[in-house]
Amino acid sequence: ALGLVWGSMDLFHWYDASGQTRLFTLSRLGQPGTFLPERVEEGEGIPGLVFSFELPACPAPVTVFERMAVALAHLREPLHARPI
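Residues numbered from 1 in each chain as written. Predicted model: local features only at pLDDT ≥ 70, side-chain atom pairs only at ≥ 80, totals over all residues. Heavy atoms only, no water.

This part takes up the overall build of the protein chain. In terms of helices and strands, the protein chain carries two helices and four strands. Element order for the protein chain, N to C, with α for helix and β for strand: β-β-β-α-β-α. For the protein chain, the spread of C-alpha atoms along the three principal axes comes to 35 × 25 × 25 Å. The buried share of the protein chain, taken over its 84 residues, is 21%. For the protein chain, the proportion of contacts with a sequence separation of at least 24, taken over those separated by at least 6, is 33%. When the accessible surface of the protein chain is summed, it comes to about 5,900 Å², and 58% of that surface belongs to carbon and sulfur atoms. Between the centroid of the 6 positive side chains of the protein chain and the centroid of its 9 negative side chains there is a distance of 7 Å. (Helix = DSSP H or I, 4+ residues; strand = E, 2+ residues; numbered from the N terminus. Buried < 20%, exposed > 50% of the residue type's maximum accessible area, 1.4 Å probe, protein only. Contact = heavy atoms within 4.5 Å. Areas by Shrake-Rupley, 256 points an atom, 1.4 Å probe, with all protein chains shown as cover. Lys, Arg positive; Asp, Glu negative; His and termini not counted. Charge placed at Lys NZ, Arg CZ, Asp CG, Glu CD.)

What follows is the structure in structure tokens.
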């Protein structure tokens, strides 16, 4: 629903409209920082989520940050999460 794609480095990424430029990444807090969807489906716990992007390489940092906020708002209730 958020347009995040699982892939490179076993993480979730959000790409630009062309699908070529990675704008932000969603990883898991702690070690390892990767996601294996099959393990999550089996009930593996995730201690936290980390939203990140590379500011110097980002073509539109404010837009990307706003999209990260939308993703965070979408995930807060179902995950019973709070941002820190």
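Anyway, onward from the coordinates.
Relative to the elements of secondary structure, Thr25 occurs in strand β3 (residues 22-28). We classify Thr25 as buried; its relative accessible area is 12%. A polar contact is formed between the side chain of Thr25 and the side chain of His13, at a distance of 3.0 Å. In this view, Thr25 contacts Leu11, Phe12, His13, Val50, Phe51 and Ser52; residues no more than four positions away in its chain are not counted. (Polar contact = N/O pair within 3.5 Å; in protein donor to acceptor, adjacent residues only side chain to side chain.)

Bear in mind that shape data such as this cannot, by itself, settle questions of function.
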